[in-house]
Amino acid sequence: MTFEELNTDSAIIEKLTAMGITEPTAVQQKVIPLVRDGKNIMFQSETGTGKTFAYLLPLLSSMVNTPSQGNVEIMIASPTYELASQIKVQVQSVCGIKSALLIGGAPIARQIDMLKEKPQIVIGGPSRLLELIHLKKLKADAVRVLVLDEADRLLSRELRDSTKGLMERLPAKVQLIGNSATVSDFTRKTLLEARSGINSEEEKIELVSLPPEDVLKKRITHWAIYAERRDKIDTLRSLINAEKPRKMIVFTARNDQIENITSKLKYKNIECSSLSGKADKKERKTAIDRFRSGKIKVLITTDLSSRGLDINNVTHVVQMDMPDKADFFIHRAGRTARAGKTGINIVIGDAFEMESYARLEKKLGITVYPKMLYEGKVVDPNTME
């Protein structure tokens, strides 16, 4: 199918073409008609498959030639500042519909002023959106669509109350759209319960799972590099010098390790930036912008950025530890091999983490290739004499 066949607005198609997007992905072909027809859906699709445009394109196409009534019509909830900001950029990349970014940790007075400019779309964290509704600065009665982008994360323990509170404050017949690369049983149950009082079968939520594209298996090459904990950063430095990545995201589970890794790499003249939840919004935006533009090639972060962050041409992902849950491993790895490209996912781990990696290899059905650094190159240890 083409974007024309999916009834995407012609001006939006022109913008997509200019961005090099000429054919809808599988998830877009499946989801766009459902969103366009006003269905309530929760759709699951792997990372890098085009989930954001799957719901944005039909929503924006329905609005682009319709005069604004001066109300917020679409509300998009996001678990992180980075993802919310990215969604706003994607809206602006294809149309001129006025949108506002409403996130916690930023001055609320400025956001109240932005709402006076009467945006049709608001994007932000559930807590800040709910706060603005309680303050009567954000009018929710005209909202016709609520999107839960990365619904699993929005319904995790730390964000669950705010997200459910937001859902309860919106009109009963609001169109509900949720998406995630992984959908837990709890998320399914919560969204189904949110529509349990709806009498019409057409208005209940439909669960849509896309056939796996096996991005993790087919487009990502997985490496394992053994290193004792004290040697991991030196190993990372050697890896960067050997691979000379176009763009590399380095993940660590520990916030206190971000600055340690960053400072040691910079000491060895490796240009990099850090992205930490402790940093303010301006610092985080600067780090993302520098990495996105290619001014720096290495970004060090926590799992804050593993959900939904879409940056072109990330060739390498490095995991400096093994996450406790397979979902985190999948989301981290999914920052590479996006939009049909290929990439390399590397775990630098000690003996315990290598055992964990071996169990995960079997569970996910992936193939992990052992590697080592030798004379400035990444080599297969099995070929060494």
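Located above this text is the structure these notes cover.
Residues numbered from 1 in each chain as written. Predicted model: local features only at pLDDT ≥ 70, side-chain atom pairs only at ≥ 80, totals over all residues. Heavy atoms only, no water.

Some words on the sheet that holds strand β4 (residues 121-124)
The criterion, for reference: Strands were regarded as paired on the criterion that DSSP finds at least two bridges between them. A run of H or I in DSSP counts as a helix once it spans at least four residues, and a run of E counts as a strand once it spans at least two, with each numbered from the N terminus. To obtain each axis, a line is fitted to C-alpha atoms, and for helices this fit is confined to the stretch in contact; angles are then taken between N-to-C directions over 0 to 180 degrees. In this description, contact between two residues means that some pair of their heavy atoms is separated by no more than 4.5 Å.
Judged by pairing direction, the sheet is parallel, and its 7 strands sit side by side in the order β3-β4-β2-β5-β6-β1-β7 without closing on themselves. The sheet is open, and its two borders are formed by β3 (99-102) and β7 (205-209), each paired with just one other strand. The mean inter-strand angle of the sheet, taken between neighbouring strand axes irrespective of direction, is 15°. Here 4 bridges tie strand β2 (residues 74-77) to strand β5 (residues 145-149), and the two strands are oriented parallel to one another. Within the sheet, the bridge partner assigned to I76 lies in β5 and is V147. Strand contacts of helix α2 (residues 26-36): β1 (40-44), β6 (175-180) and β7, with the helix running at about 170° to β1, the strand carrying the most contacts. The sheet strands contacting helix α6 (residues 126-134) are β2, β3 and β4, and the helix crosses β2 at an angle near 140°.

Some remarks on the environment of I32
Our working definition: Exposure classes here rest on a 1.4 Å probe applied to the protein chains alone. A residue is buried below 20% of its type maximum, exposed above 50%, and partly exposed in between.
Residue placement: I32 occurs in helix α2. By relative accessible area, which is 1% here, I32 ends up buried. For I32 and A77, which are 45 residues apart along the polypeptide, the C-alpha to C-alpha distance reads 19 Å. Look past the residues within four positions of I32 in its chain and what remains in contact with it is L6, V27, A54, L57 and P58.

Quick word on the pairing of β5
The buried count for β5 comes to 5 of 5 residues, which makes it a mostly enclosed element. By the alternation rule, side chains of β5 split into V145, V147 and D149 and L146 and L148, which are all buried. Where β5 and β6 come together, 5 bridges link them in parallel fashion. Among the inter-strand pairings, L148 is bridged to a residue of β6, identified as G178.

Let's talk about the nonpolar core
Under the convention used in this document: The definition of a nonpolar core used throughout is a set of buried Ala, Val, Leu, Ile, Met, Phe, Trp, Tyr and Cys residues joined through side-chain atoms within 4.5 Å.
Counting residues in hydrophobic clusters, the biggest one holds 40 residues, and the most contacted among them are F43, Y55, L60, I76, I121 and I177. At the level of elements, α1 (10-18), α2, β1, α3 (51-63), β2, α4 (81-94), β4 and β5 are the ones that each hand at least two residues to this core. Here this core gets 8 residues from one element, more than from any other, and that element is α3. Here I76 is in contact with Y55, L56, I87, I121, V122, I123, G124, L129, V147 and D149, once residues within four sequence places are set aside.

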